[in-house]
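# Architecture at a glance
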Amino acid sequence: MGVLVTINILFMIFFFALAYMSIRYFINQIEKYPRITLEEVYNSKKLRMKYNIEDKVNPMDYGYNYKEIPYKSGKIQLYGWFIENKDAEKTMIISHGRGVNRLAAMQYLQIFKDTSLDKEYNFFIPDLRNSGKSDISKTKMGYCFGQDIYNTMLMLNEKFGENNFVLYGFSQGGMGSAIAAKIFNNGLRKKGIKVDKMILDSSIANIRKRVKEDAKKRRVPKFIVSVVVRVFNFRVGNKLDKLKFSYLLRRIPTLIIQTKSDKATTYGMLMEEYNEIAQNKNVQLKVFERGSHTRIYAESDYKEEYTQAVADFLKGVEVNGNREKTPNKNVLEEDAIKSGTDENKNDKNLEYVETEVNVQMQKSQEGWVITNPNDLVSATLGGAGSLIGL
């Protein structure tokens, strides 16, 4: 019996070590990804096509004079392009998403040329943390982007006297924009800073649900997902339940832009959040039938319609003649389950295996003994172990 107890103890040590490694791995998948520098984009025809910039390298190629501004977000060194118009009363911050850099946001300067709004705003296009020239750092699903965008506004207020902003964000940059405007509102108000409007394209609508969706695609057992969510909630200051559109979007006039075919930030998840705020006249929704994640504007069939929607919203014109109809619950659930690839290409073709782990133990003369070790090993190695390549 002594040998059996020793085996059980060793097994439990192995089990918890494996669970710990799996949790750390999944947390890192949420918070970390390779930084893409400006030079990598300039030197790659494939990336220039992805960023929809062709041979353009900076705002001058779109007809804008600019200067590069170094600044800090806490201890993180950031950089960005500032386009200053002396007569402009508002400043627009255009924020990229995960796994790209400011070059991905640069293309949207063309919208303001095409609509003669280029003199109505100053523009700032940052490399948020872990992007471009800025420092490598964890981003926490857009939460730290929110800190960066908040500190960008503080910097522009301190150095250039800007106090009226429009936030235009994509994917995690969209969520970061909403976080900066709501979560950090008290800090902005103390400085006399106002967020006048927001445009959110292909944004994460609910970070908690997005984390769980990623876990499903990676076949992570439920008990590990539960721990991951708790750890991640701690890392975002116990604010995870507030990092969703239904909480963040109410006060500020906001245009949400989404394609139904987005597999990274799904239409179903967005509509679950939008349904809770659909009666709020401050929030408008523009939906496109096709187009991939953050690339609606790059679709030649939609470029004009996209441009007009942004211009109408900024001019105070209602974007849709009729407000978006809310699909029924079954459609929402079906669409929410369809999660192909996120912004990480390795998520393809993974199915969710819901795994409950019940540890069964029996007391013997030598102590407690696990009576179903095979079930425990199967669940752990079948889900958590797959994360680390076992």
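Refer to the structure above for everything that follows.
Below or above, wherever it landed, is the structure these notes cover. (Residues numbered from 1 in each chain as written. Predicted model: local features only at pLDDT ≥ 70, side-chain atom pairs only at ≥ 80, totals over all residues. Heavy atoms only, no water.)

### Topic: unusual backbone geometry
Despite not being glycine, K140 has its phi angle at roughly 55°, a positive value. Its location among the elements puts K140 in the loop between β4 (121-127) and α6 (143-160). With a phi angle near 55°, N238 is a residue other than glycine that sits in the positive phi range. For N238, a relative accessible area of 55% translates into the label exposed. (Helix = DSSP H or I, 4+ residues; strand = E, 2+ residues; numbered from the N terminus. Buried < 20%, exposed > 50% of the residue type's maximum accessible area, 1.4 Å probe, protein only.)

### Topic: the sheet that holds β4
Here eight strands make up an open sheet; going across it, the order is β1-β2-β4-β3-β5-β6-β7-β8 and the pairing mixed. Each edge of the open sheet is held by one strand with a lone partner, namely β1 (67-73) and β8 (283-288). Between one strand axis and the next, the sheet turns through 20° on average, direction left out of account. With respect to the sheet, helix α7 (residues 172-182) is in contact with β3 (90-95), β5 (164-170) and β6 (194-201), its orientation differing from that of β5 by roughly 150°. (Pairing = 2+ DSSP bridges. Axes fitted to C-alpha atoms, helices over the stretch in contact; angles between N-to-C directions. Contact = heavy atoms within 4.5 Å.)

### Overview of the packing of α6 against α7
Viewed as axis vectors pointing N to C, α6 and α7 meet at an angle of 60°, and their least axial separation amounts to 7 Å. On the basis of the axis angle, α6 is oblique to α7. Regarding α6 and α7, the two cross each other, and that crossing is right-handed. Residues Y143, F145, G146, I149, Y150 and M153 of α6 lie in contact with α7, whose contacting residues are Q172, G173, G176, S177, I179 and A180. (Parallel < 35°, antiparallel > 145°, perpendicular 65-115°, else oblique. Left-handed = near helix turned anticlockwise from the far one by under 90°.)

### Considering the nonpolar core
Core analysis: the largest hydrophobic core is formed by 64 residues, its most contacted members being M153, L167, I207, V211, F232 and L249. Sequence-distant contacts of L167, defined by excluding residues within four places in its chain, comprise I93, I149, M153, S177, A181, V195, K197, M198 and I199. The next biggest cluster of nonpolar side chains, apart from the first, holds 42 residues, and it includes Y51, M106, L109 and Y306. (Core = buried A, V, L, I, M, F, W, Y, C linked by side-chain atoms within 4.5 Å.)

### As for the packing of helix α9 (residues 207-217) against helix α12 (residues 267-274)
The N-to-C vectors of α9 and α12 enclose an angle of 155°; their axes lie 11 Å apart at closest approach. Compared by their axis directions, α9 and α12 come out roughly antiparallel. Once α9 is placed against α12, the crossing between them reads as right-handed. For the pair α9 and α12, the contacting residues are K209, R210 and E213 in the first and M269, E272 and E273 in the second. Across the contact of α9 with α12, the residue classes tally to one nonpolar, no polar and five charged. (Nonpolar A, V, L, I, M, F, W, Y, C, P; charged D, E, K, R; others polar.)

### Here we look at helix α10 (residues 222-235)
Compared with the 20 Å implied by 1.5 Å per residue over 14 residues, the 20 Å span of α10 between its first and last C-alpha is a close match. Here α10 has its buried residues at I224, V225, V228, V229, F232 and N233. Just past α10, the residue G237 takes up positive phi, approximately 70°. (Expected span 1.5 Å × (residues − 1).)

### A look at α12
Taking burial as the measure, the eight residues of α12 include seven buried ones, the bulk of the element. When α12 is considered as a whole, its buried residues turn out to be Y267, G268, M269, L270, M271, E273 and Y274.

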